[in-house]
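Below are the chains, spelled out letter by letter.
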Amino acid sequence: MDAPYFLENAADAANPTASRTVSSVCCYCGTGCGVRVQAQGNRVIAIAGDDSHPSNLGRLCSKGLRLADTVRADAARVLRAQWRPGRGEARTDIALDRALDIAADRLADIIGRHGPDAVGFYLSGQLLTEDYSVFNKLARALVGTNNVDTNSRLCMSSAVAGYKQTLGADAPPACYDDLELADTVFIAGANVAYAHPVLFRRLEAARQARPHMRVIVVDPRRTDTAAAADLHLPILPGTDVALFHAMLHVMVAESSIDRAYIERHTEGFEPLERRIREFTPEAAQAICGVPAADIVQAARWFAQVPATLSLYTMGLNQSSSGTAKNAALIHLHLATGKIGKPGSGPFSLTGQPNAMGGREAGGMATLLPGHRDPGSAADRAEVAALWEVDGIPATPGLPALEMFDAVLDGRIKALWIVATNPAQSLPDQARVRAALEKAELVIVQDAYAGTETLAYADLVLPAATWPEKEGTVTNSERRISRVRAAIAPPGDARPDWRLAAGVATRLARRIAPARAARFDYADESEVFAEHARTTAGRDLDYSALSYAILERDGPQQWPYRRDAQGGVRRLYADGRFATPGGRARFADIGYTPVAEPVCADYPLRLTTGRLRDHWHTMARTALSAALTRHVEQPWMSLHPRDMAAAGLADGALAKVRSRRGQLYIAVRADDSLRAGQAFLPMHWGSAFIAGDGVNALTNPARDPLSRQPELKHCAIAVEHAALPWQAAGWIRGDAALLRQRLAPWLRRFPYAAVLPTALGADGARIALAAAQAPDIDTLEALCAELDLARPQAAYDDPHRGIVRRIALAGTSPAAFLLAGDTRVVDTLEAWADGGPPPASLAQLLMGRTRPVARDRTICVCHGVTDRAIQAGIAAGLDLDGLRHTLRCGTGCGSCGPEVARMVARAHSHEGA
Ligand SMILES: Nc1nc2c(c(=O)[nH]1)N[C@H]1C(S)=C(S)[C@@H](COP(=O)(O)OP(=O)(O)OC[C@H]3O[C@@H](n4cnc5c(=O)[nH]c(N)nc54)[C@H](O)[C@@H]3O)O[C@H]1N2
Ligand SMILES: Nc1nc2c(c(=O)[nH]1)N[C@H]1C(S)=C(S)[C@@H](COP(=O)(O)OP(=O)(O)OC[C@H]3O[C@@H](n4cnc5c(=O)[nH]c(N)nc54)[C@H](O)[C@@H]3O)O[C@H]1N2
Ligand code: SF4
Ligand SMILES: [Mo]
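Residues numbered from 1 in each chain as written. Chains lettered and ligands numbered in written order. Predicted model: local features only at pLDDT ≥ 70, side-chain atom pairs only at ≥ 80, totals over all residues. Heavy atoms only, no water.

## Some remarks on the side chain of Lys655
Mapping Lys655 onto the fold places it in strand β23 (residues 653-657). For the buried Lys655, no salt bridge exists, and the shortest N-O distance to an oppositely charged side chain is 4.7 Å, to Glu719. Non-local contacts of Lys655, meaning those with residues more than four positions away in its chain, are made with Gln662, Leu663, Tyr664, Ala717, Val718, Glu719, His720 and Ala721. (Helix = DSSP H or I, 4+ residues; strand = E, 2+ residues; numbered from the N terminus. Buried < 20%, exposed > 50% of the residue type's maximum accessible area, 1.4 Å probe, protein only. Lys, Arg positive; Asp, Glu negative; His and termini not counted. Salt bridge = Lys/Arg side-chain N within 4 Å of Asp/Glu carboxyl O. Contact = heavy atoms within 4.5 Å.)

## What about helix α16 (residues 377-387)?
Listed as buried for α16 are Asp379, Arg380, Val383, Ala384 and Trp387. End-on, the buried residues of α16 take up no more than an arc of 135°, which puts them together on one face. Next to the buried residues of α16 lie α3 (129-143) and α21 (524-533). Immediately beyond the C-terminal end of α16, within one or two residues, lies Glu388, with a positive phi of roughly 55°. (Arc of directions from axis to C-beta.)

## Looking at the sheet that holds strand β17 (residues 471-474)
Read from one edge to the other, the open sheet built from three strands follows the order β17-β18-β19, with strand pairing classed as antiparallel. Looking at strand neighbours, the two that pair on one side only are β17 and β19 (556-557), the edges of this open sheet. (Pairing = 2+ DSSP bridges.)

## Quick look at the site of ligand 3
Inspection of the region around ligand 3 gives Cys26, Tyr28, Cys29, Thr31, Gly32, Cys33, Leu60, Cys61, Lys63, Gly64, Pro197 and Val198 as its neighbouring residues. Mapped by element, the contributors of at least two residues to the shell around ligand 3 are α1 (62-65) and α6 (197-209). When grouped by side-chain class, the residues that make up the shell around ligand 3 number eight nonpolar, three polar and one charged. (Near = heavy atom within 4 Å. Nonpolar A, V, L, I, M, F, W, Y, C, P; charged D, E, K, R; others polar.)

## Focus on the site of ligand 1
Around ligand 1, the surrounding shell holds 33 residues, and the nearest of these are Asp219, Gly238, Asp240, Arg610 and His614. Residue Lys712 places a side-chain N or O atom 2.9 Å away from an oxygen atom belonging to ligand 1. Elements represented by at least two residues in the shell around ligand 1 include exactly α5 (192-195), α13 (314-317) and β21 (604-609). For the shell around ligand 1, a count of residues per class yields 12 nonpolar, 13 polar and eight charged. (Polar contact = N/O pair within 3.5 Å; in protein donor to acceptor, adjacent residues only side chain to side chain.)

## Brief notes about helix α20 (residues 496-511)
Across its 16 residues, α20 extends 22 Å between first and last C-alpha, which sits within 8% of the 22 Å expected from 1.5 Å per residue. In terms of burial, α20 is largely enclosed, as 12 of its 16 residues are buried. Here α20 has its buried residues at Asp496, Trp497, Leu499, Ala500, Ala501, Gly502, Val503, Ala504, Thr505, Arg506, Leu507 and Ala508. (Expected span 1.5 Å × (residues − 1).)

## Points about the domain arrangement of the protein chain
Along its sequence, the protein chain is organised into domain 1 (7-70), domain 2 (82-151 + 354-557), domain 3 (156-348), domain 4 (597-721), domain 5 (723-852) and domain 6 (857-911). Between the C-alpha centres of domain 2 and domain 3 the distance comes to 35 Å. Between domain 2 and domain 3, the residue contacts involve 13 residues of the former and 15 residues of the latter. A buried area of about 1,100 Å², summed over both sides, lies between domain 2 and domain 3, and 53% of it is on carbon and sulfur atoms. At the boundary of domain 2 with domain 3, the tally comes to one salt bridge. Linking domain 2 with domain 3 are five residue pairs in polar contact (both at pLDDT 80 or more), by the criterion used here. The dominant element in the side of domain 2 that touches domain 3, judged by the number of residues it contributes, is helix α15 (residues 355-360), at three residues. The class makeup of the residues in the side of domain 2 that touches domain 3 is four nonpolar, five polar and four charged. (Domains from an automatic or database assignment. Buried area = accessible area lost by both parts, 1.4 Å probe.)

## Here's the deal with the pairing of β23
Within β23, four of the five residues are buried, which leaves it mostly tucked inside the rest of the structure. Here β23 runs beside strand β24 (residues 662-669); their pairing, made up of five bridges, is antiparallel. When the bridges of β24 are listed, Ala654 appears paired with Ile665. The hairpin formed by β23 and β24 contains four residues between the paired strands. In the sheet, β23 pairs with strand β26 (residues 714-720) via four bridges, with the strands oriented antiparallel.

## As for unusual backbone geometry
Each neighbour pair has its own omega, and for Trp466 with Pro467 the value is 0°, a cis peptide bond. Although it is not a glycine, Arg478 sits at a positive phi angle of roughly 65°. Mapped onto the secondary structure, Arg478 falls in the loop between β17 and β18 (479-483). Residue class for Arg478 comes out buried when judged on its relative accessible area of 0%.

## Details of the sheet that holds strand β30 (residues 793-794)
Across the sheet, which stays open at both edges, the six strands sit in the order β28-β29-β27-β32-β31-β30 with antiparallel pairing between neighbours. Both edges of this open sheet fall to β28 (751-756) and β30, since each of them pairs with a single strand only. Set on the sheet, helix α25 (residues 776-785) makes contact with β27 (725-732), β29 (763-770), β31 (803-809) and β32 (812-819); between it and β31 the angle comes to about 15°. Docked against the sheet, helix α26 (residues 825-832) engages β27, β29, β31 and β32, running at close to 165° with respect to β32. (Axes fitted to C-alpha atoms, helices over the stretch in contact; angles between N-to-C directions.)

Set out below in C-alpha cells:
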C-alpha cells in the first residue's frame, strides 16, 4: 500500500474540540473490516468503511455502520470497580487501585491454600492480541496454571483441531481475494449473509462478475445464504461427515480426484478410500436427508472446476463431531488438490474479531504462544525462555466447559472472566450458574452494565472497550490490523491488558517478588513486540512485524517473515504442509450421529444461531435502536406442521423443554425449516427474557478432540404455554437505561421479555404472561414503572387483571400498557411508530377500532419496511426496481439477500 494508512494521530485526544479521524477495525465479526472513526472530544460522531483496508475495501454491514450508537459513557457502562465482601451483600463502588489490590490478595490467598490450579481464567475472542498476551503470561508464568481458556472453545476450537489434524497447523490457507477467483463456492454450516455480511457482499459482486460461478450451501435451514445458492442441501443437523464422505465417494468413482497431488503431497488416503466405499450417495441420502442426485451434483461442481473455495463456520464446529466435520471437508480439498491455489482452499471463517489472535498468542488451554503445544516439554521450555521464567507448568489446562465442571467439583475456587458472558453463552445454564454460585471468587471484567454474568461477580473490573483501546487483531484471512483508540475510556475503565498487568504486578509482590518487573510494559507496542517474538521460526512467523510497520504499510497477513516482501496471501502453494514430513494427512474418520437424538419425549431437533443485526448476548447491539428493528421480539421458529400439531398459532407462547431446562417463548411459523426442526436465535438470554435463556436448553456434550460443545443440536419438546394472562407495554426513552429499570420484572413472571424497541422514538418494550392475573398492587407497580400512574387515557378493570393505559407526549404515545387484554397492541404500536392516530383513544383501548398491522423494518439504512417492499412487488417492481424506488439494499446491503428472497418467494407463489 502506497498511501500512509494512518490518517491522523489520536494523540490529540486530549484536545476536546478538535475533530479527528482514526483508522481502526470493526469490533464485531472475524471479517475484520477497516473503519474510520471520527471523534470529537470524547464523542464518536461518525463511522465509515475504510476503503484502504484490503479486507472490506470500504464496505461495512448494518452492525459496523451503527457502531457509534454503542459508544456510551453513562450507566449503560461499567464505570467503576465494584466489590462485595460476602455473598448476599450488595456490591459497592470502590477505587480501581483497591480493586486491583483485592484481586491480588484474594488470588494469592486461594493459590496459597489450594495451589495454582485452583484459579481459572475464562477469556474471549474479542480481546486484542495484547490483552491475551498479558493474561496468558499472568496465568501460566506467574500464577502457574494452564487453566486459561476462551469462548473460542464454543466457536473455533473444532476448526483449530481440524486444521492441525490434516494440514499440521492452525492456519486458514486461503484469503478473501479467493472469493473473486473461485469457480465453485461451497458453504457449509455458515450463514454468511447474516454472520459475515461484508464477505457476502464480495461474493455477490463476484457472482455478478463471473456468471459461471456456482454456490452450494449446506445448511438444515433455508437461510438467506441458502436461498441465494445455486444448490441448497438442507441436511439433517449433525450429518455433515456422511455428506462429505459421500461427495468424496462420488469423486473417487468418477475419477475426479487428483491422484498425482495425493501421491506427492499427502498421506493416509488409502484407509480413507476404503472407508468411504460404504458412503454411497444413497447411503448418505438415508443419513443426511438430502437427495442422492444433489450429493452427486455437489461433488461434480466441487471437483470438476478449476477452483473451489469452501467457507464454513458454526454448523461444522459446534458439534460433538466438529473436528471430524472439519477434517472431512478438508479431505475434499486435499483429494482434488484444491488448496494453496488461487480461488481454492478450505477457508474456516472466524467468528469473533480476534479469535485468530487468541490462537496465535496461545490464549487457550490447549495452545501456547506461537502455535505451540502445552503438552510438549520442548515447547514449554521455549515459551518459558521467551518469557524469562523458570518454567511453564506441565499440568494440562482445562478447556471452558471443564473449567466450570471443575468449579462444581471444587477443584477451581476462583474464576476470572473477561470480555465474555458465560451466564448466557455456555450450554446447560443450570450447571454454569451453579458453578458461578459455588466459586469462592468470581472476578468479572466487562465493559457494559447489566450482563447476565455480572450478577455473579464478587469483584467487577471496569474495562475499556472499542473505540477506547489500542492494539491489534487478526482476521479470518490471517491479516493483522491495528485497533486504535479514538476516545478516552469513561470513568475508571482501563484497557484489559492494563487491568491484567495491574493485578499481575501486585500478585507478583505477594507470591513471586522477582517476577514483578515482567509486567511493567510501557504501552501496547511493547506487549506486541514481546508477543511477536514468540512467533519467530514458527509456521505463523510474524516476528518481523511491529507497530511501526503496521503504521507505515497498513494491515499485513501472516506469515510475515523477515526475509520476505510483506505477508503471504495463500499458504501451502508449494504443496508442503506444516506436518513433520511436510505431507498433509487424511484422517480415517467415521460418521458419528448427534449426541442427543430425538425421541418420543423430545421429538424436535433444536438448532441455534445468529440474527442479522444482533451480536451474541446483545450487550452492545441492544444499545442501537436501528439494530433492534429487524427483529423486535424474541421468538423461536417452528415448521407450520409442528405448530399445528402442538396447537400453536403464529405468535403464541410456547413452553419449550429439553432434558436440561425449559423456557417460555413466542413461536413463529417458518417454512425455511424442515418439519421436525426448530430454530432459536442464540441472543435471547436472561437479561432480555425470563428464565435462563436459550442455553437453558442446549447440550454440553462435546467433541472428543476439540472439546467444543454441540450448541447446534439438542432434542426438545414444545407445547402450548398455559399462560393466559398476558401484558404488553412500551415506554419511550433511553432503551439501555430503561432496560435496567425494567429488568426486575423478568424475574417476577414465568414469561417476560424486555427488549429495546424504537416506536417513533427510542424506547423499551415489555411483554409479560402468567397463569393468573397478578394482584392490583402488582399492576399498579407495573404502571408506575412505565410512568403510567396518571395516564391520558385509561380503560381499567383491575379485578379481572385488566389495565389499559396510554400516556401521551404531544400527539403520540410516550408509554402504554395493555395488561390482561392485548388485542390492540399492533394498532397502538403502529400509531406510536408514526402511523395515523386513532379517532378516539377510548374506542382504541376498548378494541373498537379497525386493527392495523405493524410493519417490520427490513432495510435499517433507509428504514424500508416489509409492507413497503410487498407493495412494491405487488406493483410489479423487480429487485432492481425496488432498490431504485425504495432504496432498500442500497446502503450497507445487509438486507439485500432478504429482499431478493421476498421477490423470489412472491414469484414462486405466483407460479403456484
Ligand atoms: N450478525 C451476527 N454476525 C456474527 C455474530 C453474531 O452474533 N451476529 N457472531 C460472530 C461469531 S462469534 C460467529 S462464531 C459467527 C457464526 O457464524 P455462522 O456459523 O455462519 O452462524 P450461525 O447462525 O451460528 O450458524 C450457521 C448455520 O449453521 C447451520 N447449522 C446448524 N446445524 C448444522 C449442521 O449440523 N450442519 C450444517 N452444515 N449446518 C448447520 C444453522 O442453521 C445456521 O444457519 O458469526 C459471527 N458474526
Ligand atoms: N446456543 C448457542 N450458544 C452459543 C452460540 C450459538 O451459536 N448457539 N455461539 C457461541 C459462540 S460461537 C460464541 S463466540 C459465544 C459468544 O458469547 P459471549 O462471548 O458470551 O458473548 P458476547 O455478548 O460477545 O460477550 C462479550 C462480553 O464482553 C463485554 N465486552 C465488550 N467489549 C469488551 C472489552 O473490550 N473488554 C471487556 N473486558 N469486555 C468487553 C460485553 O459487554 C459482553 O458482556 O457464544 C456461544 N454460545
Ligand atoms: S462484516 Fe459487519 S460486523 Fe463484520 S467486521 Fe465487517 S462491518 Fe463489522
Ligand atoms: Mo463465535
